[in-house]
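The lines below spell out each chain.
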Amino acid sequence: KDRFVGDVMFWKFFEDIDANRIYHTNSVEYRNLKVMFFETLFYLVLLGSVTAYAYNLQSQDVFESRIEQLDYWRGCDTDGNCRIQKVEDVASFWTWMQNELVPLAYTDDVDAPKVAQIETVFPNSEFPLYWSPRYLSDTRSTVLLGSLRMRQLRVQPNAGCIVTALVRHVYPDCYSTYDASRESQDPYDPRFAPTYLTKAYQWRPVEETQQVSLTGSAASYSGSGYFIDLPANKSHASSMLSDLHVWRWVDKLTRAVTIELTTMSTNVNVIVNTVILFEFTPNGAVTGTVSSTAMRTFFFTPSLQGSNLFAFILLIWLSLMFFIFTLYSLWLMYKTCFNYLGQNPIGYLKRSGWTARLLFPFRTLYQFFRYGWNFADMVILGSFYVHLGFRISAYLAVGSNPVLQPDVIGHPEIFMPFGQLMEPLVLGNNLLALLSITCWVKLFKYLCMSSYFRLLVRILESCAARLMIFAALLLVVFFGFAVAFSIGLGTTDRNFVTIPGSFLVLFFLLIDGYSIDIEWFRPGKDQLVTLIFLGYIALIYFVLLNIFVAIVLDTFSLASRLYAVEADKKNPMIVFLHTYWNWMKGQSLVKDESEEHMNPKDLSITLDLLPGLVRRKWVEKKRRMQRVADQNFAGMDLFPEDVDRSLSKKRADQMITDWMLPSTQTDVFDQMTAPVEHKPLALYEVPDTIMTQEISRAQLQRLMDEDSTIPLLLGSKRAVDVIRKFKSVEKEEESGQPVSAVKAMQGTIFGRIDKLERVKLDDDVPEVPEMTQIAEQMSSAILDLRNQFRVQLTGVIECTAVLFEHLVELTQGLDEVRQNSDGVIRLVRSNQIGDTGYGL
């Protein structure tokens with residue numbers, strides 16, 4: 001019994017758990033349900049803790065602080081027009097730096113109070129300097145932490161591009177787009193440039209720039225490059241920018257210029273890291289974008305004050321909960337491995353060869369992850385531990401960086417590398433989002449204990465594998481259309497310039513739709529792209545989406561039959577809770593009679609003494625149990641006497657039932673040309689080798705409890721009565737011939753059937769109120785139908801009579817018209833004759 005405690009098959013086949021066995025507190029069903037019950041309670045606490053932790057980390061202040069910085073540095077008005085969008089070339093870039101960046105970064109608020117006094121001590125000097133972070137804007141709610149760092153990324157000439165021989169004599173060099181493999185690292189400082197700008201023309205690695213890589217609309221840029229920090233004085237910063245402009249710090253090799261700064265919203269304790277990116281394309285265009293990332297201060301250092309204390313306590317509590325969850329998951333993994341192998345894994349490895357040892361991890365992991373909710377557990381654990389690692393790494397990075405110490409942070413002459421801290425924290429929050437959704441989805445696993453949600457859970461479990469295969473097909477189709485749209489529309493539509501962008505846009509077209517461009521249908525336009533778009537609509541909307549719906553409907557129709565809830569079947573978990581509550585009170589609910597005082601002959605019976613139907617039911621149950629064992633346990637042989645099971649899986653798959661017909665024309669030809677005739681699936685064929693097998697009273701009782709037709713057939717609900725009946729001495733008929741118990745049962749059944757089929761007189765037929773009511777309703781319905789038919793028929797006859805009268809009148813009128821016409825003709829002829837005679 002200990003072997004199967006904790007096995008996932010009790011979750012897979014929860015509805016098949018025998019409720020009567022749960023009353024035995026030492027049974028494997030009771031012990032597994034106990035584990036499942038406490039696992040459910042623990043998981044509900046874990047789910048609530050994760051939700052509270054995720055909710056506590058978020059704040060509207062973070063969003064508002066980020067938006068405020070974005071609008072501030074973009075220079076946007078209420079209509080959404082931003083001054084940074086006016087940067088179009090190198091000249092407008094330097095104009096923006098002088099006229100926009102400097103006034104925004106250096107506000108003229110001379111009356112602003114000192115935020116802090118940061119002391120700077122110089123060697124061999126007794127006169128330290130004191131610095132104070134400055135406010136941004138006139139609201140005095142945002143403080144600039146540290147200096148602004150300008151960084152440039154350049155490319156090597158003639159790298160990634162080739163000048164054609166046709167124009168090489170005119171333009172010998174080319175400069176491609178940025179790529180890490182083409183990044184220039186050569187110094188390019190002019191000969192007479194000011195010495196204080198020398199470092200701005202020298203390449204430095206990421207360790208010195210202390211900046212992270214970022215992705216723009218044209219390329220992805222590394223964290224290295226040529227950088228310089230703007231001074232704390234406004235006039236000095238303006239002079240530095242002028243000198244950089246004059247001495248060509250930006251030239252034709254420049255591909256990107258970034259300006260990174262960090263601010264803090266003092267009223268809400270939110271730190272915002274902002275990066276202003278200017279991309280210089282090879283064709284001379286310049287585009288500017290602003291991106292900001294905001295985090296609350298307790299992400300960088302533990303805080304034990306106010307609401308931050310609750311967030312820190314939640315982090316400690318979650319760490320403890322997940323540690324317990326990890327131990328439990330490892331125990332489940334060990335139990336799954338032990339049950340599958342049937343022995344201790346270490347002992348199995350010692351007795352196995354090298355091939356079995358190499359395949360051991362893959363076999364056990366495959367067996368463990370065959371149950372999809374185990375994979376969800378690993379996703380939950382992995383997401384949390386990586387998130388926790390990012391949180392701890394942020395604390396350690398702040399503690400180990402000298403410029404982020406309390407007595408230095410905010411120094412206006414020192415750059416604060418918060419960008420390096422923000423990137424892992426953002427990734428950690430994304431993993432927290434994955435953790436949260438996975439935790440809530442996993443809740444479906446525990447809903448299978450309720451009959452109201454069990455069908456839904458089984459449908460989701462059955463659909464998962466089939467939908468993953470369908471998703472793979474869908475990705476292939478979308479990638480093919482992404483390539484086609486990128487080639488066909490990449491030069492006219494910005495959304496389809498790159499293949500990855502085209503791939504994502506096509507997914508959103510499923511939801512949002514697409515606006516047709518009228519230019520596609522202009523006279524003289526190539527219609528190939530239009531045909532590709534029509535093919536996309538036809539294949540995606542009319543074929544693949546219907547296949548998706550068909551998969552779900554097919555799974556639902558199958559699951560609704562396989563997992564139909566029986567109205568009179570008890571819920572195993574409710575039975576367990578009832579049993580567990582009574583066990584705590586010291587009461588037992590075992591209803592089975594004890595075997596201690598029974599005759600040993602009444603405790604078992606051989607299979608050959610039971611009726612044929614009971615034998616077949618027993619064999620069917622054994623085979624069903626063997627299939628479950630083959631899926632979950634390696635080498636567990638519950639039905640060794642089954643000859644059909646010795647067949648290979650391929651041959652077993654080819655066996656069909658006697659009512660199964662070929663599905664396709666190919667199946668018909670395969671059957672006609674097969675060298676060996678298909679063998680029907682012998683579902684109820686009882687092997688001769690098990691006819692003498694002993695069936696215990698408990699096994700027979702469980703079989704009778706699972707199938708309600710067996711007690712009706714055997715005439716008793718107690719297994720001990722059945723054993724006594726079919727093991728008893730043969731009775732004698734009236735003629736003196738001995739009769740076995742099976743024949744006597746057959747005679748009883750035939751007598752009942754004869755009694756049911758016997759024709760009775762009308763006066764002997766019992767009156768059934770329901771049948772009388774149905775007969776009266778049918779008679780009333782027929783009477784109403786007959787009356788309506790009569791009314792309609794009478795109306796038709798009346799209409800026919802009216803029509804006949806009108807036809808008679810019409811005929812009479814036509815006769816009068818004909819007579820009048822003849823009279824007119826006669827008068828005309830007589831007049832013509834008279835006129836002719838008068839003329840003569």
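Small disclaimer: the values here were computed from a predicted structure and weren't measured.

(A) Examining the packing of aromatic side chains more closely. By the definition in use, this model includes 32 aromatic pairs. Consider the rings of F322 and F325, whose centres lie 6.4 Å apart with planes at 70°: the pair is edge-to-face. Here F322 and its partner F325 are both found in helix α8 (residues 307–341), 3 residues apart, which amounts to about one turn of the helix. Accessibility expressed as a relative area gives 0% for F322, which makes it buried. Feature note: the residues Y30, F37, F38, F576, Y580 and W583 constitute an aromatic cluster, connected by ring pairs. Cation over ring: K34 sits above W583, and NZ or CZ is 5.4 Å from the ring centre. Its end group placed over the ring of Y188, R154 keeps NZ or CZ at 3.5 Å from the ring centre.

(B) The arrangement of the packing of helix α11 (residues 372–400) against helix α12 (residues 418–447) in detail. At a minimum axis separation of 8 Å, α11 and α12 run at an interaxial angle of 155°. By the angle class used here, α11 and α12 are roughly antiparallel. In the crossing of α11 with α12, the sense of the turn from one axis to the other is left-handed. When its residues are assigned to classes, the contact of α11 with α12 shows 21 nonpolar, 5 polar and 4 charged.

(C) Region of interest: the nonpolar core. One finds L33, L46, F300, F322, F418 and L435 to be the most contacted residues of the largest nonpolar core, which totals 64 residues. Only α1 (9–12), α2 (19–22), α3 (28–57), β4 (142–154), α8, α11, α12 and α16 (572–584) provide two or more residues apiece to this core. Considering each element in turn, this core owes the most residues, 11 residues, to α3. Residue contacts for F418: discarding those within four places in its chain leaves L145, T262, I271, N273, F300, L404 and I409. Within the second largest apolar cluster, 40 residues are counted, among which are C82, Y106, L241 and V286.

(D) Structural view of helix α10 (residues 354–369). In a regular helix each residue adds 1.5 Å, so 16 residues correspond to 22 Å; α10 covers 24 Å between its end C-alpha atoms and thus fits that length. Every buried residue of α10 is listed here: F360, T364, Q367 and F368.

(E) Broad picture of the confidence of the model for the chain. In the predicted model, the chain carries a mean pLDDT of 81, and the fraction of residues at 70 or more is 83%. This stretch, residues 646–661, has a pLDDT under 50; its non-local contacts, to residues over four places away or in other chains, come to 12 contacts.

(F) View of the state of the cysteines. Summed over the entire model, instances satisfying the criterion amount to 2 disulfides. Two residues share a disulfide in this structure: C76 and C82, whose sulfurs sit 1.8 Å from each other. Looking down the S-S bond of the C76 and C82 bridge, the torsion is 95°, so its handedness is right-handed. A relative accessible area of 23% places C76 in the partly exposed class. Residue class for C82 comes out buried when judged on its relative accessible area of 11%. Disulfide pairing places C161 opposite C174 at an S-S distance of 2.0 Å. Where C161 bonds to C174 through sulfur, the torsion about that S-S bond is close to 100°, and the disulfide is right-handed. On the criterion of sequence distance, the pair formed by C161 in the loop between β4 and α6 (206–209) and C174 in the loop between β4 and α6 is long-range, its members being 13 residues apart. The cystine pairing of the chain, numbering bonded cysteines in sequence order, is 1-2, 3-4.

(G) Looking closely at the environment of S291. Examined against the element boundaries, S291 turns out to sit in strand β10 (residues 286–296). Counting along the chain gives 17 residues from S291 to T274, while the straight-line C-alpha distance between them is 5.8 Å. Dropping the residues within four chain positions of it, S291 is found in contact with L70, N273, T274 and V275.

(H) Seen up close, the pairing of β4. Within β4, 13 of the 13 residues are buried, leaving the element largely enclosed by the surrounding structure. Both strand β3 (residues 135–136) and β4 contribute to a ladder of 2 bridges, which runs antiparallel. From the neighbouring strand, Y135 faces β4, where its bridge partner is V143. Where β3 folds back onto β4 in an antiparallel hairpin, the turn is made up of 5 residues, including S137, whose phi is positive at roughly 65°. One ladder, built from 10 bridges, connects β4 with strand β8 (residues 254–265); its direction is antiparallel.

(I) Spotlight on the pattern of salt bridges. Tallying each qualifying case throughout the model produces 10 salt bridges. Taking the shortest distance from any N to any O, the salt bridge between R458 and E15 comes out at 2.9 Å. Here the residue R458 occupies a position in helix α13 (residues 451–489), and E15 occupies one in the loop between α1 and α2, the gap between them amounting to 443 residues. Of the two residues examined, R458 and E15, each falls in the buried class. For R154, the salt bridge identified is with D251, shortest N-O distance 2.7 Å.

Analysis parameters
Just so you know, the residues in each chain are numbered from 1, in the order the chain's sequence is written. Only residues with pLDDT of at least 70 get local features here, since the model is predicted, and only at 80 or more are side-chain atom pairs given and counted; chain-wide, interface and lining totals rely on the full set of residues. In computing side-chain properties, one takes all heavy atoms of the structure into account and sets aside hydrogens as well as water. Only Phe, Tyr and Trp rings take part, Trp by its six-membered ring, and two of them pair if their centres are within 6.5 Å. Stacked means planes under 30 degrees apart, edge-to-face means over 60, and tilted covers everything else. Every helix listed is a DSSP run of H or I at least four residues long, and every strand listed is a run of E at least two residues long, numbered separately from the N terminus. Throughout, exposure labels follow a simple rule: accessible area from a 1.4 Å probe, protein chains only, divided by the maximum for the residue type, with under 20% read as buried, over 50% as exposed, and the rest as partly exposed. Only lysine NZ and arginine CZ atoms are considered, and such an atom sits over a ring when it is within 6 Å of the ring centre and within 35 degrees of the ring normal. To get an axis, a line is fitted to the C-alpha atoms, and for a helix only the part in contact is used. The angle between two axes follows their N-to-C directions and goes from 0 to 180 degrees. Should an angle fall under 35 degrees it is taken as roughly parallel, and over 145 as roughly antiparallel, whereas 65 to 115 is taken as roughly perpendicular and any remaining angle as oblique. Definitions for this section: a left-handed crossing has its near helix turned counterclockwise from the far helix by less than a right angle. A right-handed crossing has that turn clockwise. Charged residues are taken to be Asp, Glu, Lys and Arg, nonpolar residues to be Ala, Val, Leu, Ile, Met, Phe, Trp, Tyr, Cys and Pro, and polar residues to be all remaining types, Gly included. Here, nonpolar core refers to any group of buried Ala, Val, Leu, Ile, Met, Phe, Trp, Tyr and Cys residues whose side-chain atoms link them within 4.5 Å. Contact between two residues is taken to exist if any of their heavy atoms lie within 4.5 Å; hydrogens are not considered. In a helix, the anticipated span is given by 1.5 Å times the number of residues less one. Values of pLDDT, the confidence the predictor places in each residue, fall between 0 and 100. The criterion for a disulfide is a pair of cysteine sulfur atoms lying within 2.5 Å. In this scheme, strands are said to pair when DSSP sees at least two bridges between them. Think of a salt bridge as a Lys or Arg side-chain nitrogen and an Asp or Glu carboxyl oxygen that are within 4 Å of each other.

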